[in-house]
Amino acid sequence: MNDYRDSSKQIELSDRILEIFAEAKARFKPRWAREGTETGPEADGKTPFLDAFESMPDEPYVVCLAQGIVNSWLMSDPVIYHNDILVGVPRPFRPLVEHFHWGICESDKHLEAPAYKEHAEEIRERIKKQKKRLFPRSWEHMDPGYSEVFNEKQKKSIGRLFWGGGYQGHTVPDYFRLLRDGIGGTLERVHAYEANTEDPKKLALYRAMTILLEGFTAFACKYAEAAEELAAHSEGEARERFTAIAANCRFISVNRPKTLYQAVQLVWFYSLWDWVDCVGRFDQYIYPFYEKSVREGDKFPPEDIIAAIFVKFAEHGVHNLPLGGVDPRTGEDATNDVSFLVLQIGRKFHTVHPRMVARIDENTPPAFMKLIVKMWSEGMSDPTLASDPLIIEGLREYGVSLEDARSYTTLGCQEIEIPGKSNFGCEDGAFNLAKIFEYTINDGCDRFDGVKMGLSTGHLADFKSIDEVWDAFIEQMKHFIPPYLRICNLGQEIRAANASKLVKSIFTDDCIARGLHMDEGGAMYGYGVIETAGASAAADSFAAVDKLVFREKKISPETLEAAIAANFEGYEKERQLLLNQAPKYGNDDPLADEYMCRILDAFWSEIGKYRSVRGGVFTGACSLLTGGISFGEKTWAMPDGRFKGEPLGNTIGPRTGADHCGVTAMLTSVMKLPLKKGIGGTTLNVLIPCDMTKTEEQREKIEAIMTAYMMDGGQMAQITTANLEDMLDAKVHPERHGDLIVRVGGYSAFFVEMDPVSQDEIIKRYGAVQ
């Protein structure tokens, strides 16, 4: 029998599960395909959304959308693999498909698939005729946000400073309520509110929800029928298993689950309808069913059932799986056997999906941290750590109730939401503070094309003190924030018109009670989230100018300005001075760390003065994926010694390669930051090479360091334990390093699947410049 809390050995899974995983792994699509859940069957030539809109010419948009969603599932053939115990796969990708980040999306490339090619022009014409009904709002809705503020030249350059309204997608439905009420109970709730209103808009939404719920029932029954057909043509164990699958699917099609097997199948089916997005606090809502299964038995061993859904999560790209943390009602640690079991399964499979997050509180079991560090020592980058004390307190300061704050979940690429109650706009956009510094010392101009973008605050040589530079920086920042946040809000208005989160709305409070879907104000909490780029490069630049120009006068403003304009060509001596004698954030340096604190506090406080159209104020975040690379490509050379185009960093940590004093110094710098204002999800890349985790003593030190970071001011930490030598060799011999995992800016990836620029950015974190 496995002891899940014993980190000294890996879990022994059943032969059935090992076979299921091996066959699923052979089907694994590339990471990007799993991120987008493009993991279903091949295109089938069907047009479910067009069929719905064409057949319902006089019906409200949400009703047609709901029918299109249901069509898209019921027109899809059930897929049951020969060894499955849990069933269900995503829909085929088709020319039209709804997605929670937009509404109905058009994909012309899928018309080139063999199943569509012969009728592609006919389908394009059908889409053209229905265009206004299919797409209530398009990107054009955001045009006034640009054209009323920026001229044509500025519009071409503004993408170097920010993007806004570009995703606004991830949220987590209330899986607790799904399991408590089931599909039938939820349908009764919808009907109860429907019976008490005459508002046409609300009635249309309730009808759409009814269509979805009844369609979900039909979908589950369709899988039951497919399993019954397989059972009829099978013998022995296979016949019994397919019969069990059929009974399971038929029961949960309406009823609330009573067993672990039923609960997990219902979670998986609903996750499919939610685009395999994020499943929230799985270990918490599943644990009562797991405990009952251990005590009373089930159709399959509880360990197999949990492992089977983990395989589904891995194959189809569930984004995030938080584990542990406190109980919402009592505040006591709620880490349980399922928390440990899921970690052990992830450890055994050694893959990059689902991203796992361990919520750490004051009373997290020592064995939990011990297992986490052991997983890191074996080359995994999961789980990320999240600090319950800081995140809960930060959410409380933004007006979230104590119980709801304790309920928080991670999702997407380490954003934060309240499951079943919030729509935080993950993400509304990203803003490049390093670019603001560029404008500040270049009279408001972009150095790439000379376009006047901001205010005329002067050139570096015009400033007489560092305080003047700071004041100009704040002026430039404040100048751009109002139009930028308006653009973000215009993006949200698109999603509201397109009812992008209609499926999520059914299990998000108070959408049913208010008669509003999530993107038009149905969710209880509607804050905005702005990803924050370039802060460390701006902080280091302030520190360099402060110390070397104004305090020590080792370089004149005129010389530094000329060096930056030339991208340091002909000024290598000055660049080395900036690199080696100017303070750098991430090394526990008081001056550089102070500037980092001031910059983040100023930016996050300023955006907090504005409201999202969802109702709440804007908050900060920093989990940029590869955004630090792309924004770096658009940012000129800076006073910190950075060449133009070099990466800016993908998390709240120091700029790539700028920290030289070790992990403890870096963590100390980050703990000084106002991270409660970055409550949208602010993570940190931490390098702990496997060589530092070989012995029990070394691992205990890492446990102590990372626990202290979580308790004393850190918010999140994501780990890379790959050795530098392995990464360098993997660039030359990728075939030798297929299981080498690294952490990017919010997700894990197999190193050999990454593009060369992203590989080099990670290598540079180790101080090896390629």
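Before reading further, recall that the structure is shown in the block above.
Attention here is on the structure that accompanies the text.

Parameters at a glance
Throughout, residues of each chain are indexed from 1 in the direction in which the sequence is written. Whole-chain, interface and lining totals are the exception, using all residues; otherwise, since this is a predicted model, local features are given only for residues with pLDDT of at least 70 and side-chain atom pairs are given and counted only at 80 or more. The side-chain values count all of the structure's non-hydrogen atoms but skip hydrogen atoms and water molecules. Per the convention used, a helix needs a DSSP run of H or I reaching at least four residues, while a strand needs a run of E reaching at least two, with both numbered from the N terminus. Our radius of gyration is a C-alpha quantity, and the globule rule it is checked against amounts to 2.2 Å times the number of residues to the power 0.38. Two residues qualify as a contact provided that any one of their heavy atoms is within 4.5 Å of a heavy atom in the partner residue. Note that accessible areas follow from Shrake-Rupley with a 1.4 Å probe, and for residues the cover is restricted to the protein chains shown. The positive count covers Lys and Arg only, the negative count covers Asp and Glu only, and His and the chain ends enter neither. Where a charge lies is defined by one atom per residue type: Lys uses NZ, Arg uses CZ, Asp uses CG and Glu uses CD. Think of it this way: DSSP has to see at least two bridges between two strands before they count as a pair. All axes are obtained by fitting lines to C-alpha atoms, using only the stretch in contact for helices, and the reported angles, taken between N-to-C directions, cover 0 to 180 degrees. Put simply, a salt bridge is a Lys or Arg side-chain nitrogen that is within 4 Å of an Asp or Glu carboxyl oxygen. Relative accessibility thresholds used throughout: buried, under 20% of the residue-type maximum; exposed, over 50%; partly exposed, between the two (1.4 Å probe, protein chains only). Each cavity reported here is a set of points on a 1 Å grid over the protein atoms alone in which a 1.4 Å probe fits but cannot get out, each pocket an open set with protein on both sides within 12 Å along at least five of seven lines, and each lining residue one with an atom within 4 Å of a point. Grid points are joined across faces, edges and corners, and a volume is the space filled by probe spheres set on the points. Put simply, Ala, Val, Leu, Ile, Met, Phe, Trp, Tyr, Cys and Pro go in the nonpolar bin, Asp, Glu, Lys and Arg in the charged bin, and everything else, Gly too, in the polar bin. The nonpolar core is taken to be a set of buried Ala, Val, Leu, Ile, Met, Phe, Trp, Tyr and Cys residues, with the residues joined through side-chain atoms within 4.5 Å. A patch consists of residues exposed above 30% relative accessible area that lack any salt bridge, with like charges linked at up to 9 Å and nonpolar side chains (Val, Leu, Ile, Met, Phe, Trp, Tyr) linked at up to 5 Å. To pair, rings of Phe, Tyr and Trp, with the six-membered ring standing in for Trp, must have centres within 6.5 Å; the planes then decide the type, stacked if under 30 degrees apart, edge-to-face if over 60, and tilted in the middle. Every helix has an expected span of 1.5 Å times one less than the residues it contains. In this scheme, the bend at a residue equals the angle between the axes fitted to the seven residues that finish there and the seven that begin there. Note that the term roughly parallel is reserved for angles under 35 degrees, roughly antiparallel for angles over 145, roughly perpendicular for angles of 65 to 115, and oblique for everything else. It is the rotation of the near helix from the far one that decides the hand of a crossing: anticlockwise by less than a right angle makes it left-handed, clockwise makes it right-handed.

A look at the overall build of the protein chain
Scanning the protein chain from N- to C-terminus turns up 31 helices and 15 strands. Compactness check: the protein chain gives a C-alpha radius of gyration of 26 Å against a globular reference of 27 Å for 770 residues, within 12% of the reference. A separation of at least 24 residues holds for 75% of the contacts in the protein chain among residues at least 6 apart in sequence. When the accessible area of the protein chain is evaluated, it comes to approximately 27,000 Å², of which 51% is carbon and sulfur surface. The averaged location of the 115 negative side-chain charges in the protein chain is 2 Å from the averaged location of its 88 positive side-chain charges.

Considering the sheet that holds strand E10 (residues 528–533)
The four strands are arranged E3-E9-E10-E11 in an open sheet whose pairing can be described as mixed. Bordering the open sheet on either side are strand E3 (162–164) and strand E11 (618–621), each of which pairs with just one other strand. Averaged over all pairs of adjacent strands, the angle between strand axes in this sheet comes to 30°, irrespective of strand direction. Sheet analysis places E3 next to strand E9 (residues 429–432), joined by three bridges and oriented antiparallel.

Some thoughts on the pattern of salt bridges
The tally for this structure, following the rule as stated, stands at 52 salt bridges. A salt bridge links arginine 124 to glutamate 121; the shortest N-O distance between them is 2.6 Å. Here arginine 124 and its partner glutamate 121 are both found in helix H6 (residues 120–134), three residues apart, which amounts to about one turn of the helix. With a relative accessible area of 22%, arginine 124 lands in the partly exposed category. With a shortest N-O distance of 2.8 Å, lysine 672 and aspartate 593 are connected by a salt bridge. One end of the pair, lysine 672, is in the loop between helix H28 (663–671) and strand E12 (685–687); the other, aspartate 593, is in helix H26 (residues 590–607), and 79 residues separate them in sequence. Judged by relative accessible area, which is 36%, lysine 672 ranks as partly exposed.

Brief notes about the layout of surface pockets
By volume, the largest pocket is sized at about 1,000 Å³. Of the residues in the lining of the largest pocket, the class split is 20 nonpolar, 14 polar and 13 charged. In this structure, the second largest pocket spans a volume of roughly 730 Å³. Along its surface, the second largest pocket is lined by 26 residues, and Phe176, Pro328, Arg329, Glu403 and Ser407 are the ones closest to its centre. If you tally residues by element for the lining of the second largest pocket, the top one is helix H13 (residues 282–296), at five residues. For the lining of the second largest pocket, the per-class residue count stands at 10 nonpolar, four polar and 12 charged.

Structural notes on the pairing of E11
Working note: regular strand, side chains alternate between the two faces of the sheet. Residues Phe618 and Gly620 point to one face of E11 and Thr619 and Ala621 to the other, with burial holding for every one of them. As defined by bridge partners, E10 adjoins E11 across four bridges and the pair is classed as parallel. Within the sheet, the bridge partner assigned to valine 529 lies in E11 and is threonine 619.

Observations regarding the nonpolar core
Core analysis: the biggest nonpolar cluster contains 239 residues, and Phe282, Ile286 and Met706 have the highest contact counts within it. Every residue in contact with methionine 706, bar those within four places of it in the chain, is listed here: Met369, Trp376, Leu385, Leu667, Val686, Ile688, Ala717 and Ile719. Counting residues in each nonpolar core, the second largest holds 14 residues, with Ala722, Met727, Leu740 and Val744 among its members.

A word on unusual backbone geometry
At the junction of aspartate 382 and proline 383, the peptide bond is cis and its omega measures out at 0° in the coordinates. By the element assignment, proline 383 lies in the loop between helix H16 (366–377) and strand E6 (384–387). Going from aspartate 509 to aspartate 510, the amide bond is cis rather than trans, its omega being 0°. Note that aspartate 510 resides in the loop between helix H21 (502–505) and helix H22 (511–514). The backbone phi angle of valine 276 is positive, close to 50°, even though this residue is not glycine. Checked against the element boundaries, valine 276 lands in the loop between helix H12 (260–273) and H13.

Digging into a negative patch on the surface
Together, Asp467, Glu468, Asp471 and Glu475 line one region of the surface with negative charge. Among the secondary structure elements, aspartate 467 is positioned in helix H20 (residues 466–498).

Structural notes on the packing of aromatic side chains
On inspection of all chains with the given rule, the structure shows 43 aromatic pairs. Their ring planes at 65° and their centres at 5.3 Å tell us that phenylalanine 216 and tryptophan 273 sit as a pair that is edge-to-face. Remark: tryptophan 273 occurs in helix H12 and phenylalanine 216 occurs in helix H10 (residues 200–232); sequence separation between them is 57 residues. An identical accessibility class is assigned to phenylalanine 216 and tryptophan 273; each is buried.

Quick notes on the pairing of strand E1 (residues 96–99)
Of the two faces of E1, the one holding Leu96 and Glu98 and the one holding Val97 and His99 are both buried throughout. Relative to strand E2 (residues 103–106), E1 is paired through four bridges, and the arrangement is antiparallel. Within the sheet, the bridge partner assigned to leucine 96 lies in E2 and is glutamate 106. Counted between consecutive antiparallel strands, the loop separating E1 from E2 contains three residues.

Points about the sheet that holds E12
One open sheet holds the five strands; their spatial order is E4-E5-E6-E13-E12, and the pairing between them is mixed. Edge positions in the sheet fall to strand E4 (320–324) and E12, since each of these pairs with one other strand and no more. On average, adjacent strands in this sheet sit at an angle of 30° to one another, irrespective of strand direction. The pairing of E4 with strand E5 (residues 355–360) spans five bridges and is classified as parallel. Each bridged residue has a counterpart across the sheet, and for leucine 321 the counterpart in E5 is methionine 356. Taken strand by strand, helix H17 (residues 388–397) contacts E5, E6 and strand E13 (716–720), and its axis lies near 50° from that of E6.

Quick look at H28
Owing to its 3.6 residues per turn, the α-helix brings residues three or four apart onto one side. Turning to H28, its buried residues number three or more, namely Ala665, Met666, Leu667, Ser669 and Val670. At its buried positions, H28 is contacted by H26, E12 and helix H29 (696–711).

Quick notes on H20
Over its 33 residues, H20 extends 48 Å from the first C-alpha to the last, a length consistent with the 48 Å expected when each residue adds 1.5 Å. Of all bends in H20, the biggest is about 30°, found at isoleucine 481, and the proline proline 482 comes one to four residues later. Once H20 finishes, alanine 499 follows within two positions and takes phi at roughly 50°, a positive value.

As for the environment of phenylalanine 437
When you line up the elements, phenylalanine 437 lands in helix H19 (residues 433–440). For the pair phenylalanine 437 and alanine 204, spaced 233 residues apart in the sequence, the C-alpha separation amounts to 49 Å. When neighbours within four sequence positions are excluded, phenylalanine 437 is seen to be in contact with Val469, Phe473, Ala538, Ser541, Phe542, Val545, Met638 and Pro639.

What to know about the packing of helix H9 (residues 175–194) against H12
Running from amino to carboxyl end, H9 crosses H12 at an angle of 110°, the nearest separation of the two axes being 11 Å. Taken together, the axis directions place H9 and H12 in an arrangement best described as roughly perpendicular. Once H9 is placed against H12, the crossing between them reads as right-handed. Residues Tyr175, Leu178, Leu179 and Ile183 of H9 form the contact with H12, whose own contacting residues are Ala263, Leu266, Val267, Tyr270 and Ser271. Considering only residue class, the contact of H9 with H12 consists of eight nonpolar, one polar and no charged.

Quick look at the packing of H19 against helix H23 (residues 535–551)
Running from N to C, H19 and H23 cross one another at 35°; their axes reach a closest spacing of 6 Å. Judged by residue contacts, Leu433, Ala434 and Phe437 of H19 engage Ala535, Ala537, Ala538, Ser541, Phe542 and Val545 from H23. Of the residues in the contact of H19 with H23, the class split is eight nonpolar, one polar and no charged.

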